[in-house]
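# Fold and contact review
Next come the chains, spelled out residue by residue.
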Amino acid sequence: MTSLTSTSDDNDKERHASHRDEIGQDVLRTGVALSAKEIVGRFGSANAEFIKGYRGIDHATGQRFAKGLADISKYKVSTESVEMARNNIKQQAGFSAEVAATSRDNAEAIIEGSKVRTSRSDDLPQYGTNHNVVDRVQILDGQILQGSQAQMKFVGDRNGLFEKIAREDGPFARYRGVKLELPSEQYEGAKVFCQQRASELREQAQQVEQHGKPDIAAELRSKAANYEQLAEQVSDSGLTTEQAIFYRKHPELATLRDIAATSHRAGMEGAKHGAVIGGCISLLKNSFAVAQGEMQGRDAAMQVGQDVAKSAAIGYGTAAVGATIKAGMQQSGQQTLRGLANTSAPTLVVNICLSLGSSIKRYVCGEISESELLVEVGEKGTGMLSSGMMAAIGQIAIPIPFVGAAIGGMVGYTLSSIFYQSALDAAKGAEASRVNLERVQAVEAAARAQIAEQQAALDAFVRTEMSQLHQETQQLFLAISVVGAGSVDHLALAINQYAGLLGKQLQFASQAEFDDFMLSDQPLRL
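Residues numbered from 1 in each chain as written. Predicted model: local features only at pLDDT ≥ 70, side-chain atom pairs only at ≥ 80, totals over all residues. Heavy atoms only, no water.

## What to know about the overall build of the protein
- Helices and strands together make up the secondary structure of the protein, namely 19 helices and 8 strands.
- Burial status across the protein gives 39% buried among its 526 residues.
- Contacts spanning at least 24 positions in sequence make up 62% of the contacts within the protein whose residues lie at least 6 apart.
- Only carbon and sulfur atoms are counted for the fraction: they give 57% of the accessible area of the protein, which is about 29,500 Å². (Helix = DSSP H or I, 4+ residues; strand = E, 2+ residues; numbered from the N terminus. Buried < 20%, exposed > 50% of the residue type's maximum accessible area, 1.4 Å probe, protein only. Contact = heavy atoms within 4.5 Å. Areas by Shrake-Rupley, 256 points an atom, 1.4 Å probe, with all protein chains shown as cover.)

## Notes on the packing of helix H5 (residues 158–166) against helix H7 (residues 190–210)
- Where H5 contacts H7, the axes come no closer than 12 Å and their chain directions differ by 50 degrees. By the criterion of interaxial angle, the relationship of H5 to H7 is oblique. Here the hand of the crossing between H5 and H7 comes out right-handed. On H7, the residues that touch Arg158, Asn159, Phe162 and Glu163 of H5 are Ala190, Phe193, Cys194 and Arg197.
- Of the residues in the contact of H5 with H7, the class split is 4 nonpolar, 1 polar and 3 charged. (Axes fitted to C-alpha atoms, helices over the stretch in contact; angles between N-to-C directions. Parallel < 35°, antiparallel > 145°, perpendicular 65-115°, else oblique. Left-handed = near helix turned anticlockwise from the far one by under 90°. Nonpolar A, V, L, I, M, F, W, Y, C, P; charged D, E, K, R; others polar.)

## Details of the packing of helix H10 (residues 251–291) against helix H11 (residues 297–330)
- At a minimum axis separation of 5 Å, H10 and H11 run at an interaxial angle of 150 degrees. Put simply, H10 runs roughly antiparallel to H11. Judged by the twist between their axes, the crossing of H10 over H11 is right-handed.
- Here the contact of H10 with H11 is composed, by residue class, of 15 nonpolar, 14 polar and 2 charged.

## Comments concerning the side chain of Asn226
- Mapped onto the secondary structure, Asn226 falls in helix H8 (residues 214–233).
- Its relative accessible area of 9% is what places Asn226 among the buried residues.
- Looking at Asn226, its side chain comes within polar contact range of the side chain of Glu168, at 2.9 Å. (Polar contact = N/O pair within 3.5 Å; in protein donor to acceptor, adjacent residues only side chain to side chain.)

## Things to note about the pairing of strand S4 (residues 136–140)
- Pairing analysis gives 4 bridges linking strand S3 (residues 117–120) to S4, with the strands arranged antiparallel. Bridging from a neighbouring strand, Arg117 pairs with Ile139 of S4.
- Pairing between S4 and strand S5 (residues 143–144): 2 bridges, direction antiparallel. Note that in S5 the partner of Ile139 across the bridge is Ile144.
- Following S4, the chain reverses through 2 residues before pairing antiparallel with S5; Asp141 in that reversal takes a positive phi of roughly 55 degrees. (Pairing = 2+ DSSP bridges.)

## Looking at H7
- Its 21 residues give H7 an end-to-end C-alpha distance of 31 Å, which sits within 8% of 30 Å, the value for a rise of 1.5 Å per residue.
- Downstream of H7 by one or two residues, Gly212 has phi in the positive range, about 75 degrees. (Expected span 1.5 Å × (residues − 1).)

## Thoughts on the nonpolar core
- Grouped together as the largest cluster of nonpolar side chains are 21 residues, with contacts concentrated most on Phe162, Ile165, Leu180, Leu182, Tyr227 and Leu230.
- Those elements giving two or more residues to this core turn out to be H5, strand S7 (179–182), H7 and H8.
- In this view, Ile165 contacts Phe172, Ala173, Tyr175, Arg176, Leu180 and Leu230; residues no more than four positions away in its chain are not counted.
- Residues Ile39, Ala48, Ile111 and Ile259 belong to the second largest nonpolar core, which totals 15 residues. (Core = buried A, V, L, I, M, F, W, Y, C linked by side-chain atoms within 4.5 Å.)

## Side note on the packing of aromatic side chains
- This model, assessed by the stated rule, comprises 4 aromatic pairs.
- Site record: aromatic cluster; members linked through ring pairs are Phe162, Phe193 and Tyr227.
- The ring of Phe95 has Lys67 lying over it, and the distance from NZ or CZ to the ring centre is 4.9 Å.
- Its end group placed over the ring of Phe172, Lys153 keeps NZ or CZ at 4.8 Å from the ring centre. (Phe/Tyr/Trp six-rings, centres within 6.5 Å; stacked < 30°, edge-to-face > 60°. Lys NZ or Arg CZ within 6 Å of the ring centre and 35° of its normal.)

## Notes on the pairing of S7
- The sheet contact formed by strand S6 (residues 150–152) and S7 spans 3 bridges and is parallel. Bridged to Gln151 within S7 is Leu180.
- The handedness of the S6 to S7 crossover, carried by H5, is right-handed.
- Across 3 bridges, S7 lies against strand S8 (residues 234–236) in parallel orientation. Residue pairing across strands places Glu181 opposite Ser235, the latter belonging to S8. (Right-handed = clockwise from strand over helix to strand, strands pointing away.)

Laid out in structure tokens, this is it:
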């Protein structure tokens with residue numbers, strides 16, 4: 001009998017130890033995941049630009065664009081000959097290049113944190129449809145940036161295009177004075193060509209003038225000046241002719257490739273943050289284990305290395321997948337999904353899958369029963385919701401891109417796990433003793449009511465007090481930073497005002513009061 005009891009106790013201890021390890025892993029994953037929230041936000045919004053360019057509509061604002069990649073791909077192509085069909089595709093690829101380059105520019109601006117946005121002239125009322133000079137412009141705070149007006153030209157003969165622009169009576173003379181965006185393969189050497197051509201024309205003008213033809217010489221010099229201007233105007237569109245044709249023929253696949261490339265960049269940044277967060281947590285945990293004699297230093301170092309690698313992988317997956325999911329949610333036709341795009345939901349998707357996946361694996365392997373599986377799912381679900389809320393509060397309290405969210409998320413998940421497990425233990429005790437069932441139910445009901453009351457109080461506090469607390473904290477930090485240039489009494493006043501906001505009255509309000517206290521026999525109050 002004793003042997004059976006001892007075996008049962010050992011099994012319970014092993015199960016509790018396994019559960020603690022599982023919770024520890026969940027806490028670590030949650031911290032790593034929420035550290036990537038800012039990355040997911042930036043790169044997810046960047047990915048949304050590609051979806052807008054493909055569909056030709058911004059679901060977040062309701063704006064419809066003149067053209068989308070999907071629309072351009074449906075343009076008619078001549079069936080009379082292969083050559084005519086090829087020419088049609090090349091011409092339409094120019095439109096696709098405008099849309100794709102605009103999406104790329106806006107995506108990059110979002111990633112870099114710039115407020116400048118690029119727009120096609122077709123989508124602006126002041127230019128109308130098919131403007132004969134301007135294809136794209138840059139906008140800041142609703143105003144067009146002067147000098148940003150650009151014409152995009154994807155043609156087969158680059159040098160012939162330059163000649164048509166540089167000639168005084170050239171058919172494309174109207175493009176002088178605006179940026180000329182070229183395919184990447186044509187931009188290479190374009191400036192040098194224009195400068196060489198200008199030099200050749202000036203030499204010709206000098207020779208012609210020596211032969212007594214000043215009018216022709218003046219025309220050649222004017223044309224040379226136009227080439228010099230072109231050398232300053234030409235720029236790289238960021239797309240090759242081949243890429244533009246691919247956008248025209250396969251807009252959906254091209255869009256998916258853009259999203260994949262951007263999500264990979266997000267993943268690489270997420271991996272860096274994940275490695276930092278995971279490494280710090282693992283270092284502290286394993287250092288404590290070494291200090292307690294529970295682990296050797298070499299084993300601890302190996303464990304830290306493994307945790308850093310795992311955290312980096314989780315960080316990559318969280319940021320990459322989160323950025324992709326956020327883009328789809330942000331440009332969803334459903335208002336509910338667009339609202340969720342601005343929460344922690346896209347960031348926590350990978351963490352939820354990993355967390356619940358481990359519980360399901362344990363259930364399939366027979367390590368836990370069906371009821372225990374449901375208990376773990378409930379606990380982890382509660383933890384995810386709590387960590388999301390605490391991450392938001394943590395970001396307010398610690399306004400550093402990923403530190404506040406990570407710390408808040410870990411605290412939220414840990415607290416919710418403790419509360420949830422305590423509630424389950426109480427429920428199990430009630431089941432074992434029916435005498436106490438009604439008392440436990442009453443306590444649970446009171447606890448639920450108290451939780452609802454505290455939740456309402458927390459909501460009210462966040463709405464009314466958090467902004468004031470933030471302002472007072474900033475004022476206190478300002479007073480501390482300038483104490484060397486100000487007076488001690490000014491610093492004391494700031495500290496006393498902040499203490500009053502927190503409901504505390506300090507003993508001294510000035511340097512004079514502190515000097516009087518030091519000369520008296522009064523006790524010091526803490």
